[in-house]
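# Structural description and commentary
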Amino acid sequence: MAAPLGGMGAPHRPVLLEETMKFLVPDRGGLFVDCTVGLGGHSEAILQSSEATRVVGIDLDPEALTYARQRLAAFGQRFRAFQANFRQIESVLREAGESNPQGILADLGVSSLQFDSTERGFSFRFDAPLDMRMNPESGDETAADILRERSEEEIANIIFEFGEERHSRRIARRIVQRREQGTPVTTTKGLADLVQQSVRPKKHYQIHPATRTFQALRIAVNHELEGLEKFIETAVDLLTPGGRFVGISFHSLEDRVLKREFRRLAGHCDCPPRQPVCSCGARKAVEILTRRPITPKPDEVDANPRARSAKLRACSKLIGN
């Protein structure tokens, strides 16, 4: 099993931990759901806050669950882990025999375990096969499959829509040219080099030029944005009245969905002004606790550069809903 760089005992820094605890308020006890348990850092802090708390942890990645179970074994039956997609929260709670959680956390994106893997293709720091599946046992298509089988237009659309990469068509053209020459792009280094040659970045680039393309392919492989709106609404409905939902995003596409769904569930209608009947489904179910997204403090970014793009939004389920 792959481990975070530094080994299984290496420290793991959960993103925006202090802020997450502030909004979840786990010291009141009860059930909390960590929808993307990853390496278990947030779950550990929740469990340490009170002996009256218990956590249901969900993750699609079997390696992450193995690590989290080992890390949190000392908490006994107060922590239970389930391999599932976070969108399956309702069926997971049913299987666990639990209901009415006090808090639900969704830390979206890729875990340190996945980024630090030298084999799974999430990072261009290591030369590895272009896999990128959160669950490598799933049998679903990999990033290499997408580059080998999709049309130039489909690849360009994925890179543009999910990576917001303005050079998407140039990158897609080169990918298909390589494929037609009999040398398809199948490794992280091969893709990173191709993107760099396509983009020809200037020296002032703040991130590696391949970052957006890698993000886009990962989102496409794992269908990360599909059903996110429905998940947020389901999670809110599952909360006990007064319960808290906290979402942490790492790119603008996820943050927009969180912002939009929070507004809708707070009763803000986005229908055209002259439309006689609301069709967007706006309803007064939550109070938004974060007027603007919470971002990491400079000292956290210095200690953990991966936190730099994190944004936290939180809401509370209204009493009577």
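The rules we used
Residues numbered from 1 in each chain as written. Predicted model: local features only at pLDDT ≥ 70, side-chain atom pairs only at ≥ 80, totals over all residues. Heavy atoms only, no water. Helix = DSSP H or I, 4+ residues; strand = E, 2+ residues; numbered from the N terminus. Rg over C-alpha atoms; globule rule 2.2 N^0.38 Å. Buried < 20%, exposed > 50% of the residue type's maximum accessible area, 1.4 Å probe, protein only. Contact = heavy atoms within 4.5 Å. Areas by Shrake-Rupley, 256 points an atom, 1.4 Å probe, with all protein chains shown as cover. Expected span 1.5 Å × (residues − 1). Patch = residues over 30% accessible without salt bridge, like charges linked within 9 Å, V, L, I, M, F, W, Y side chains within 5 Å. Salt bridge = Lys/Arg side-chain N within 4 Å of Asp/Glu carboxyl O. Lys, Arg positive; Asp, Glu negative; His and termini not counted. Charge placed at Lys NZ, Arg CZ, Asp CG, Glu CD. pLDDT = per-residue confidence, 0-100. Polar contact = N/O pair within 3.5 Å; in protein donor to acceptor, adjacent residues only side chain to side chain. Core = buried A, V, L, I, M, F, W, Y, C linked by side-chain atoms within 4.5 Å. Pairing = 2+ DSSP bridges. Right-handed = clockwise from strand over helix to strand, strands pointing away. Axes fitted to C-alpha atoms, helices over the stretch in contact; angles between N-to-C directions.

## With respect to the overall build of the protein
Summing up its helical and strand segments, the protein has 13 helices and seven strands in all. Relative to its length of 321 residues, the protein is compact, with a C-alpha radius of gyration of 20 Å against a globular reference of 20 Å. Buried positions account for 52% of the 321 residues belonging to the protein. Considering only intrachain contacts with a sequence separation of at least 6, the fraction spanning at least 24 residues in the protein is 67%. Surface exposure of the protein reaches about 15,300 Å², of which carbon and sulfur atoms provide 47%.

## Considerations on helix H9 (residues 188–199)
Taking 1.5 Å of rise per residue, the 12 residues of H9 would be expected to cover 16 Å, and the 16 Å separating its terminal C-alpha atoms lies within 8% of that figure. Regarding H9, the residues found buried are Thr188, Gly190, Leu191, Ala192, Leu194, Val195, Ser198 and Val199. Of the surrounding elements, those touching the buried residues of H9 are helix H6 (143–149), helix H8 (168–180) and helix H10 (211–222). Looking one or two residues beyond H9, the residue adopting positive phi is Arg200, at roughly 50°.

## A few points about a positive patch on the surface
On the surface, Arg166, Arg170, Arg200 and Arg212 cluster together to form a positively charged patch. Given a relative accessible area of 32%, Arg212 falls into the partly exposed group.

## Description of the confidence of the model for the protein
In low-pLDDT regions, the fine details of the predicted coordinates are not to be read closely. Averaged over all residues, the pLDDT of the protein is 91; the fraction at 70 or higher stands at 94%. Counted against residues more than four places away or in other chains, residues 1–11, with its pLDDT under 50, gives 20 contacts.

## Description of helix H3 (residues 62–71)
Taken as a whole, H3 has its buried residues at Pro62, Glu63, Ala64, Leu65, Tyr67 and Ala68. Those residues of H3 that are buried are in contact with strand E2 (53–59), strand E3 (79–83) and helix H5 (112–115). Where H3 begins, the capping side chain belongs to Asp61, and its oxygen is found 2.9 Å from the backbone nitrogen of Glu63.

## What to know about the nonpolar core
In this structure, Cys35, Val56, Ile89, Ile104, Phe231, Ile232 and Phe245 are the most contacted members of the largest nonpolar core, which totals 31 residues. Listing elements by their share of this core, those giving two or more residues are strand E1 (30–34), E2, helix H4 (89–96), strand E4 (103–107), helix H11 (228–238) and helix H12 (252–265). The element contributing the most residues to this core is H11, with six residues. Apart from the residues within four sequence positions on either side, Cys35 is in contact with Ile58, Asp59, Phe86, Ile89, Ile104, Leu105, Ala106 and Phe231.

## As for the pattern of salt bridges
Applying the stated criterion across every chain, the model contains 20 salt bridges. Here Lys297 and Glu18 are joined by a salt bridge, their closest N and O atoms 4.0 Å apart. Highlighted residues: Lys297 in the loop between strand E6 (286–288) and helix H13 (298–303) and Glu18 in helix H1 (residues 17–24), separated in sequence by 279 residues. For Lys297, a relative accessible area of 42% corresponds to the partly exposed category. Taking relative accessible area as the criterion, Glu18 reaches 58% and is therefore assigned exposed. Among the ionic pairs, Arg150 bridges to Glu141, the shortest N-O distance being 2.6 Å.

## Description of the pairing of E3
For a regular strand, side-chain orientation follows a simple rule: the groups alternate between the two sheet faces. Relative to E3, E2 runs parallel, the two sharing five bridges. Paired with Ile58 across the bridge in E3 is Phe82. In this region the chain leaves E2, passes through H3 and returns to the parallel neighbour E3; the handedness of that crossover is right-handed.

## A look at the pairing of E2
For E2, the buried fraction is high: six of the seven residues fall into the buried class. Of the strand pairs in this sheet, E1 and E2 are connected by five bridges, and their pairing is parallel. From the neighbouring strand, Gly30 faces E2, where its bridge partner is Thr53. Handedness of the E1-helix H2 (residues 41–49)-E2 crossover: right-handed.

## Things to note about the sheet that holds E6
Strands belonging to one sheet form pairs held by backbone hydrogen bonds; the direction of such a pair is parallel or antiparallel. Reading across from one edge, E3-E2-E1-E4-E5-E7-E6 is the order of the seven strands in this open sheet, with mixed pairing throughout. The sheet is open, and its two borders are formed by E3 and E6, each paired with just one other strand. Strand-to-strand, the axes of this sheet are offset by a mean angle of 20°, without reference to chain direction. As paired elements, E6 and strand E7 (residues 311–317) share three bridges and run antiparallel to each other. Across the sheet, the residue bridging to Ile288 is Cys315, located in E7. Sheet strands in contact with H2 are E1, E2, E3, E4 and strand E5 (244–249), and its direction is about 170° off that of E2. The strands that H12 touches are E5, E6 and E7; relative to E7, the one it contacts most, it runs at about 20°.

## What to know about the environment of Arg173
Looking at the secondary structure, you find Arg173 in helix H8. Each C-alpha atom of the pair Arg173 and Ile155 lies 8.9 Å from the other, and the pair is 18 residues apart in sequence.

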